[in-house]
Amino acid sequence: MITNVTETSEKIQLVKLRNLIRDVPDFPKPGIVYKDITPLLRHPSGLSLAVEYLTQPFRDSRVNVVIGAESRGFIFATAVARNLSVGFVPIRKPGKLPHKTRSQEYELEYGKDELEVHLDAIKPGDRVLLVDDLLATGGTMSACVQLVESLGGDIVGCAFLIELAFLGGRNQLGNYPIHSILTYDHP
């Protein structure tokens with residue numbers, strides 16, 4: 001009977017989180033419905049709950065470092081790193097990191113972009129958790145995965161606040177464990 005109470009409570013919490021996500025039609029271009037997380041970020045208990053849900057599945061995974069992609073990934077990845085008592089590594093847009101970098105180009109649902117990481121940020125054998133706010137087509141996270149693998153990191157999993165399942169992004173991430181808090185099956 002306790003399991004049913006716990007499951008019901010979790011469903012209520014997930015509905016609360018979903019209600020803190022605002023749809024913005026036709027942003028950044030016509031036909032795209034942008035999932036705006038700023039109302040969730042402004043809501044103290046919503047933000048705390050989202051970070052905890054991102055952290056929970058990886059508490060016993062012996063993660064060494066959490067990586068977040070610029071820019072909204074930084075918000076959640078640093079908080080998850082703090083929860084796991086490990087360090088944080090930023091993956092940034094070109095020209096933003098001051099030391100030697102490795103770069104990876106990728107495709108977005110609305111164009112192309114590139115990401116970079118410091119060459120010394122990931123050490124061979126590091127157990128890495130990748131965190132971002134959104135999984136759409138998988139381009140951004142696929143580029144992050146390629147950067148981590150190229151530096152010898154072992155990926156423990158990928159965690160997302162939101163997954164737009166109808167865009168098939170998880171298919172770009174191989175067999176790594178994927179944890180999404182909120183999943184949208186249609187636009």
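Right above here is the structure, for reference.
Cut-offs used in this document
- Residues numbered from 1 in each chain as written.
- Predicted model: local features only at pLDDT ≥ 70, side-chain atom pairs only at ≥ 80, totals over all residues.
- Heavy atoms only, no water.
- Helix = DSSP H or I, 4+ residues; strand = E, 2+ residues; numbered from the N terminus.

Visitor: Quick question: what am I supposed to make of unusual backbone geometry here?
Guide: Note on backbone geometry: most residues besides glycine have negative phi, and most peptide bonds are trans. At the junction of Phe27 and Pro28, the peptide bond is cis and its omega measures out at 5° in the coordinates. With respect to the helices and strands, Pro28 occurs in the loop between strand E1 (22–25) and strand E2 (33–36). Omega for the peptide link from Glu70 to Ser71 comes to -5°, which places this bond in the cis form. Within the secondary structure, Ser71 is located in the loop between strand E3 (65–69) and helix H4 (72–84). The phi torsion at Asp26 lies on the positive side, around 60°, for a residue other than glycine. Mapped onto the secondary structure, Asp26 falls in the loop between E1 and E2. Non-glycine residue Ser85 carries a positive phi angle of around 55°. Within the element layout of this structure, Ser85 appears in the loop between H4 and strand E4 (87–91).

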